[in-house]
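Letter by letter, the chains look like this.
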Amino acid sequence: MADELEVVLIGAALAVLAMVPYVLRLRRRERAARHAEAEARRLGLDEPVSLHPVVNPERCIGTGNCVSVCPEGEVLVIRDGQARTIAPARCIGHGLCERSCPVEAIQLVFGTARRGVDLPRIKQNFETNVPGLYIVGELGGMGLIRNAFEQGRQCIEGIAGEAARGPNGKLLDLVVVGCGPAGLSASLHALRHGLRFLTFEREDLGGAVRHYPRKKLVMTAPLSMAGYGKLDVREIRKEELIAVWSDVVRRAGLEVKTQEPVERVVPTDGGFEIWSPQGRYQAHRVILAIGRRGTPRRLNVPGEDRPKVSYALREPEAFRGDRVLVVGGGDSAVEAALALAEQPGTEVTISYRRDRFTRLRPANHQRIQVAMSAGAVRVLFSTNVVEIGEQSVRYAEASGAVHEIANDYVLIFAGGELPTSFLKACGVEIATKFGTP
């Protein structure tokens, strides 16, 4: 009997010893999760910008698959035995978390119950409520370059699987509006399928990507492109990616009507009439891949129409030795300010309406803190620009006090406005998503 009791006690002791490392790991994970959650709140990453994961606690079994597959890091954590979304602002719509969940406890949604996101109504095949009119890429809510490329491919596969030509054989099969990642992908696959089409881009190849600051990291995962193969790199910057795209277009023999903006898309009997400053075109189908920027959001203050004001930064070197004010506090504004601060003799100031930076990527948050400490960038928190003069800018503090600083140039990064009027003129319905797919 004593021997049996001794065996039981030894077994229990061994079981406890075996459990200790597991319990300690679990506690460390819990502490790390709570710290990450607090850090996300401090950085303002707990409010989603657009697409983000929502976890159903009644289904989640805490496998941690969603956490391990997320390339952005700490969008989700495991706390109290279940997955929690702690930094939805970091999510850019990979969808890996949703697909990796064995019990379908995760769903990607747009907006929240308090903060809606305006999106055009589109079906699973990317067709809008207007038959034959499709929307792919950022305009439909997908900001990730790789996702935009995939949407462009899927959209063309669906179109090519149908009867491409209608009763009027004189019409083009397709017109693609925009040649950013989604538009480029659609065009390359349309070329592969032998469709008769035209591609329009109001600026240059690359679309909105060209407006990113120089050397901005724009892609962090491999990408397959029709006519080129797999771009097997883990990191690529704006200039490198645009150079690759230009090479792809050259190799494929793709013709892009750059510097030709599409002004109107009018449904007609059997297709569409597409208007540009250079002429009118007719096609059975139209793909809109124009991005969400639409037109840059303005401050609506006196002096904003001066030549010294712009809404994008392409060549930081052009501002060498100047006094530059950057308006905004998002990643684009901070990246522009940091690029300007690298130029010899350039004085860089940021005006931001909030009392701290929110929704910045961790790397950008760290870099701007270093630049502020070193005096390379001056930040005016809780301020709003009230007037832009020829050689100065006036701004107001939250208290109402107005100050004036010397200034040569103003760069405004206040986001873009959805091209609602253009979409409505096309007949596309707009829906506001409040935490819905």
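Residues numbered from 1 in each chain as written. Predicted model: local features only at pLDDT ≥ 70, side-chain atom pairs only at ≥ 80, totals over all residues. Heavy atoms only, no water.

## Digging into the side chain of S392
Logical step 1: Secondary-structure assignment places S392 in strand β23 (residues 392-397).
Logical step 2: Using a relative accessible area of 15% as the deciding quantity, one classes S392 as buried.
Logical step 3: Polar contacts involving the side chain of S392 include one to the side chain of E404, which spans 2.6 Å.
Logical step 4: With sequence-adjacent residues up to four places away left out, S392 is seen in contact with K308, E404, I405, A406 and N407. (Helix = DSSP H or I, 4+ residues; strand = E, 2+ residues; numbered from the N terminus. Buried < 20%, exposed > 50% of the residue type's maximum accessible area, 1.4 Å probe, protein only. Polar contact = N/O pair within 3.5 Å; in protein donor to acceptor, adjacent residues only side chain to side chain. Contact = heavy atoms within 4.5 Å.)

## Re helix α8 (residues 362-373)
Logical step 1: Across its 12 residues, α8 extends 17 Å between first and last C-alpha, which sits within 8% of the 16 Å expected from 1.5 Å per residue.
Logical step 2: Turning to α8, its buried residues number three or more, namely N364, H365, I368 and A371. One side of α8 carries all its buried residues, which in axial view fall inside an arc of 130°. Looking at α8, the residues exposed on the side facing more than 90 degrees away from the buried face are Q366, V370 and S373.
Logical step 3: Where α8 terminates, the next one or two residues include G375, which has phi positive at roughly 80°. (Expected span 1.5 Å × (residues − 1). Arc of directions from axis to C-beta.)

## Here we look at the nonpolar core
Logical step 1: Counting residues in each nonpolar core, the largest one holds 32 residues, and the members touching the most others are V136, C155, I159, L174, L184, W245 and I287.
Logical step 2: Every element with two or more residues in this core is listed here: α4 (145-160), β7 (172-177), α5 (181-192) and α6 (238-252).
Logical step 3: Grouped together as the second largest cluster of nonpolar side chains are 22 residues, A336, F357, I368 and F413 included. (Core = buried A, V, L, I, M, F, W, Y, C linked by side-chain atoms within 4.5 Å.)

## A closer look at the sheet that holds strand β25 (residues 409-412)
Logical step 1: Across the sheet, which stays open at both edges, the 5 strands sit in the order β18-β25-β19-β20-β21 with parallel pairing between neighbours. Looking at strand neighbours, the two that pair on one side only are β18 (309-310) and β21 (377-380), the edges of this open sheet.
Logical step 2: In this structure, β18 lies alongside β25, joined through 2 bridges in parallel fashion. In the strand pairing of β25, V309 is matched with V410.
Logical step 3: Together, β19 (323-327), β20 (347-351), β21 and β25 form the strand contacts of helix α7 (residues 331-341), whose direction differs from that of β19 by roughly 165°. (Pairing = 2+ DSSP bridges. Axes fitted to C-alpha atoms, helices over the stretch in contact; angles between N-to-C directions.)

## Overview of the environment of S276
Logical step 1: Among the structural elements, S276 can be located in strand β15 (residues 271-276).
Logical step 2: Between the C-alpha atoms of S276 and R202, which are 74 residues apart in sequence, the distance is 9.6 Å.
Logical step 3: When neighbours within four sequence positions are excluded, S276 is seen to be in contact with E260, P261, E263 and Y281.
Logical step 4: Here the side chain of S276 touches E260 through a polar contact of 2.5 Å, side chain to side chain.

By themselves, these figures tell us nothing about what the structure is for.
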